[in-house]
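Below, each chain spelled out in residue letters.
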Amino acid sequence: AIENKVSKGEVLNALNESHEQILFLSSMINDLATLSRAERTDKKLEIKTIKPDELLEEIAKDYQDQAKEKKLSFSISSAKDTKSIKSSELYLREILQNFITNSLKYTKQGSIIVHVRSNSNGDAVFSVADSGIGLSKSDKRHIFDKFFRSEDYRTRESSGTGLGLYVTLKLANRLNASIDVESELNKGSTFTITVPS
């Protein structure tokens, strides 16, 4: 009889790969569920009065430890005259979480700065700026496409569904919000969303 001996290392590798696949599928299911919600225009949004500075501070707390682990400078700020808005807190929270998560994922050193202010119309202008890998001109044109993932090897180092920013854009459309992206390869990115008052 031939004995099949499997080393401890091979077992650990198989378990790690399985774990990564489970996380990927979980992320895919979560993105698809959020997308399904965003595309249901027959369902009314739950609108409430939101204090943008308080919401931002609350969200950012969840990412302080991750930034510390990566030895990144992580700061949040808000303009003194930031006004309240009426919008969907659920959707706005999901958008900002996506922006911050992406910044953490693609920034290996440097900083992430999250800021909110009011514009002259009283709209809330949120921005997430990082010193990460940035985007090429080609990638910038496609980042909101469904299932798009950059060919940059640094992007491929982390698992992703290619749905995050596509879903984010759909959520922003539901809020009548606009998204702007400034980015340069190897010099970081700034994602800004302007949410109507």
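The number of helices and strands found in the protein is seven helices and seven strands. Its helices and strands in sequence order give the protein the pattern α-β-α-α-β-β-α-β-β-α-α-α-β-β, from N to C terminus. Looking at the protein as a whole, 41% of its 197 residues qualify as buried. Carbon and sulfur atoms make up 49% of the accessible area of the protein, which amounts to about 12100 Å² in all.

Once that is clear, we can look at the environment of Lys 48. Here Lys 48 is to be found in strand β1 (residues 47-50). By relative accessible area, which is 39% here, Lys 48 ends up partly exposed. The spacing of Lys 48 and Ser 88 is 40 residues in sequence and 6.4 Å in space, taken between C-alpha atoms. Residues contacting Lys 48, with those up to four places away along its chain left out, are Ile 85, Lys 86, Ser 87 and Glu 89. Reaching out from Lys 48, the side chain makes a polar contact with the side chain of Glu 89 at a distance of 3.2 Å.

Now for the pattern of salt bridges. As enumerated under the stated definition, the model contains five salt bridges in all. In this structure, the salt-bridge partner of Lys 48 is Glu 89, at a minimum N-O distance of 3.2 Å. Taken as a pair, Lys 48 in strand β1 and Glu 89 in helix α4 (residues 89-106) lie far apart in primary sequence, 41 residues in all. Of the charged contacts in the structure, one is a salt bridge between Glu 58 and Arg 93, with a shortest N-O distance of 2.9 Å. One end of the pair, Glu 58, is in helix α2 (residues 52-61); the other, Arg 93, is in helix α4, and 35 residues separate them in sequence. With relative accessibility at 44%, the residue Glu 58 sits in the partly exposed group. Through salt bridges with shared partners, a single ionic network connects Lys 48, Glu 58, Glu 89 and Arg 93.

What follows deals with the packing of aromatic side chains. What the rule picks out here adds up to one aromatic pair. Ring geometry for Phe 99 and Phe 191: centres 5.2 Å apart, planes at 35 degrees, overall tilted. One end of the pair, Phe 99, is in helix α4; the other, Phe 191, is in strand β7 (residues 188-195), with 92 residues separating them in the sequence. A single burial state applies to Phe 99 and to Phe 191, both of which are buried.

Okay, the packing of α2 against α4 next. As a packed pair, α2 and α4 sit with axes 11 Å apart at the nearest point and diverge in direction by 50 degrees. The pairing of α2 with α4 is recorded here as oblique in orientation. Handedness of the α2/α4 crossing: right-handed. Residues Leu 55, Leu 56, Glu 58 and Ile 59 of α2 pack against Glu 89, Leu 92, Arg 93, Leu 96, Gln 97 and Ile 100 of α4.

The next thing to look at is the layout of surface pockets. The calculated volume of the second largest pocket comes to roughly 180 Å³. Lys 44, Leu 45, Glu 46, Leu 90 and Tyr 91 are the residues nearest the centre of the second largest pocket, which is lined by 12 residues in total. When residues of the lining of the second largest pocket are assigned to their parent elements, the largest contribution, three residues, is made by α4. Looking at the lining of the second largest pocket, its residues break down into three nonpolar, one polar and eight charged.

At a minimum axis distance of 9 Å, the contact between α4 and helix α7 (residues 164-174) shows a crossing angle of 150 degrees. By the criterion of interaxial angle, the relationship of α4 to α7 is roughly antiparallel. In this structure, the crossing between α4 and α7 has a hand that is left-handed. For the pair α4 and α7, contact is made by Tyr 91, Glu 94, Ile 95, Asn 98, Phe 99 and Asn 102 and by Gly 164, Leu 165, Thr 168, Leu 171, Ala 172 and Arg 174, respectively. Within the contact of α4 with α7, the residues separate by chemical class into six nonpolar, four polar and two charged.

What counts, and at which threshold
Residues numbered from 1 in each chain as written. Predicted model: local features only at pLDDT ≥ 70, side-chain atom pairs only at ≥ 80, totals over all residues. Heavy atoms only, no water. Helix = DSSP H or I, 4+ residues; strand = E, 2+ residues; numbered from the N terminus. Buried < 20%, exposed > 50% of the residue type's maximum accessible area, 1.4 Å probe, protein only. Areas by Shrake-Rupley, 256 points an atom, 1.4 Å probe, with all protein chains shown as cover. Contact = heavy atoms within 4.5 Å. Polar contact = N/O pair within 3.5 Å; in protein donor to acceptor, adjacent residues only side chain to side chain. Salt bridge = Lys/Arg side-chain N within 4 Å of Asp/Glu carboxyl O. Phe/Tyr/Trp six-rings, centres within 6.5 Å; stacked < 30°, edge-to-face > 60°. Axes fitted to C-alpha atoms, helices over the stretch in contact; angles between N-to-C directions. Parallel < 35°, antiparallel > 145°, perpendicular 65-115°, else oblique. Left-handed = near helix turned anticlockwise from the far one by under 90°. 1 Å grid on protein atoms, 1.4 Å probe; cavity = no way out; pocket = protein on both sides within 12 Å on 5 of 7 lines; lining within 4 Å. Points joined across faces, edges and corners; volume = space filled by probe spheres on them. Nonpolar A, V, L, I, M, F, W, Y, C, P; charged D, E, K, R; others polar.

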